[in-house]
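# Structural overview
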Amino acid sequence: MSILTVSQLNRYVAFRLQEDNNLRTVFVRGEIANFTRNFRSGHCYFSVRDEEASVKAVMFRSNAARLPFEPQNGMHILLQGSVTLYERDGAYQINVTDMQPDGVGAQALALQQRRERLAKLGYFSQERKRPLPEMPKKIGIVTSRSGAALQDMLQILQRRYPLGTVCIYPALVQGDAAPRSISVALETAGTDQCDIILMGRGGGSNEDLSAFQSEEVAAAIFSSPVPVISAVGHETDHCIADEVADLRAPTPSAAAELAVPDMDTMRASVQAAADRLNRAFSAVLDKKTQQLHDRRQILAKYAPDARLNLLTAELSAASDRLNRSIAHLMMEKEQSFALLLSRLESVSPVAILQRGYALVYHEDALVRESSDTKPGDMLDIQLAHGVLTAEVRAIRKEN
């Protein structure tokens, strides 16, 4: 028996493993542990284990690049590969050529991981979603130029809102080149002064809609400077693009209806507002007219001219009342005077004189008795008509 070096032994074992048809293609189920990816080379190194044992595994870059999901520690997998020996360490390993999640499809797992990654970056946050412009001037459409979805959107936009300018940014909506094509179209529309972007396509299989599940399209929507409405497939279809967009529409036609207002509805709304405004204006005008009328009446009442006229009328009326009162009082006084005069005349010396009596004065004093004079006195005798001067010759006493 020959003596082998370690290198020879490992090389021999490696050769024998390669020659074993049972080990050229193996399928192994297990749990990933100690997973690492060399970012420089792109190779993946990990272990596959079950409850009792583990085996090392390697997946070179050419195979790892085709994985639709990101392997993680603790993930249960079903792998395909060949058993080889790493001669330097003398340890056998599985050279993995393909890998699938055990119990769930690779595409579904990849989509789940992508959602979780984008959620951590805030792509689905409701706080970042922007309101749609009420009356967009320029509307961008990112879709296939040959698809029926484009014609549906154009017809609805023209019917509902002919005031807006519609710009089409054609893109591939399925196939390997679709994510890049959609992203470029979104970026172009965002920098072309569009006010809103409609992005979508008609229905199809999950494979047909896969471009709108890509991280590249999600990033383009997230970075768009203007609001994006996503309308991918039918109402029951949901994709990552819908969740990142500012608004999801169930269909492309619904996206067009959500993006712009209806001119007929706007006209009716404007007319209703105009009617309400006219009614309100008429009510205010009537109220102000009545207030003006009331204030004019108040002003007329207290105006200087009106006040002067009123006072003049009151003065004239008072003057008339005074004149009537004076005339009445004069008449009463005249009647009273006439009565008193009549009474006075009945006792007046003049009346007595007119009846034949006379008044005798001595030196301006009325002579009442004969003893008031003496012989030789000169007396003035007042008659009813005229005065006599007489001398006293003698005085006789009454019997």
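Please refer to the structure higher up on the page.
The rules behind each value
- Residues numbered from 1 in each chain as written.
- Predicted model: local features only at pLDDT ≥ 70, side-chain atom pairs only at ≥ 80, totals over all residues.
- Heavy atoms only, no water.
- Core = buried A, V, L, I, M, F, W, Y, C linked by side-chain atoms within 4.5 Å.
- Buried < 20%, exposed > 50% of the residue type's maximum accessible area, 1.4 Å probe, protein only.
- Helix = DSSP H or I, 4+ residues; strand = E, 2+ residues; numbered from the N terminus.
- Contact = heavy atoms within 4.5 Å.
- Disulfide = S-S within 2.5 Å.
- Pairing = 2+ DSSP bridges.
- Polar contact = N/O pair within 3.5 Å; in protein donor to acceptor, adjacent residues only side chain to side chain.

## Focus on the nonpolar core
- By size, the foremost hydrophobic cluster in this structure holds 31 residues, and its most contacted members are V142, I182, L186, M199, F212 and I221.
- Elements with a minimum of two residues in this core: β7 (165–170), α6 (178–190), β8 (196–201), α7 (215–223), β9 (228–232) and α8 (240–244).
- Per element, the largest residue contribution to this core is five residues, and it comes from α6.
- Setting aside anything within four residues of it in sequence, one finds M199 in contact with V142, I182, L186, F212, V217, I221, V228, I229, S230, A231 and A241.

## Quick look at the state of the cysteines
- Summed over the entire model, instances satisfying the criterion amount to zero disulfides.
- Just so you know, C167 is unpaired, no disulfide at all, and the nearest cysteine sulfur is the one on C194, 5.5 Å from it.
- Classification of C167 as buried rests on a relative accessible area of 19%.

## Focus on the sheet that holds strand β13 (residues 378–382)
- What the four strands build is an open sheet, ordered β12-β11-β13-β14; its pairing is antiparallel. The outermost strands of the open sheet, each flanked by one partner alone, are β12 (365–366) and β14 (387–391).
- Of the pairings in the sheet, the one linking β13 to β14 comprises five bridges and is antiparallel in character. Counterpart to L379 in the pairing with β14 is A390.

## Comments concerning the side chain of R201
- Secondary-structure assignment places R201 in strand β8.
- At 3.5 Å, the side chain of R201 forms a polar contact with the backbone oxygen of V173.
- At 2.9 Å, the side chain of R201 and the side chain of Q174 are in polar contact.
- When near neighbours in sequence (up to four residues on either side) are disregarded, R201 contacts T143, A149, V173, Q174, D208, L209, F212, A231, V232, G233 and P252.

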